[in-house]
Amino acid sequence: MDEKTRVLICLGAATAANCIPCFEHYFGKAESVGLESDEIQEAVELASQVGKGAHIALKKSIGNRMGREKEYSLPCDRKTDHSCCT
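As the structure is a prediction and not an experimental result, all values here were calculated from the model.

A. Local environment of the packing of helix α1 (residues 3–16) against helix α2 (residues 20–30). In contact at an axis separation of 9 Å, α1 and α2 are set at 155° when each is read in the N-to-C sense. Classified by the angle between their axes, α1 and α2 sit roughly antiparallel to one another. As α1 packs across α2, the resulting crossing turns out to be left-handed. The segment α1 lies against α2, with Val7, Cys10, Leu11, Ala14 and Thr15 engaging Cys22, Phe23, Tyr26, Phe27, Lys29 and Ala30.

What follows is the structure, given as structure tokens:
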């Protein structure tokens, strides 16, 4: 894997994990590996959607365990044509 791809993946992972120090570290490397701001922004937006989906799934699981079943609409849903990853 080339370094540009590696840094882009790390920026997305840091975003999804809500890790500001990790994001800042890899953001500092972004320019030196040739990442453009629009590429970084796209990775951040996709990772944010993944993080949002994980949070909603967690809320649903906690609610179910507490006997408060509530239907949450996930950003990525295999049952529909809706996907956060497009």
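There is more to say after this.
B. Fine view of the pattern of salt bridges. Per the stated rule, a full pass over the model turns up 2 salt bridges. As a salt-bridge pair, glutamate 39 and lysine 4 come within 3.3 Å of each other at their nearest N and O atoms. Placement of the pair is glutamate 39 in helix α3 (residues 37–65) and lysine 4 in helix α1, with a sequence separation of 35 residues.

Cut-off values and rules
Residues numbered from 1 in each chain as written. Predicted model: local features only at pLDDT ≥ 70, side-chain atom pairs only at ≥ 80, totals over all residues. Heavy atoms only, no water. Axes fitted to C-alpha atoms, helices over the stretch in contact; angles between N-to-C directions. Helix = DSSP H or I, 4+ residues; strand = E, 2+ residues; numbered from the N terminus. Parallel < 35°, antiparallel > 145°, perpendicular 65-115°, else oblique. Left-handed = near helix turned anticlockwise from the far one by under 90°. Contact = heavy atoms within 4.5 Å. Salt bridge = Lys/Arg side-chain N within 4 Å of Asp/Glu carboxyl O.

Shape is all these values report; function is a separate question.
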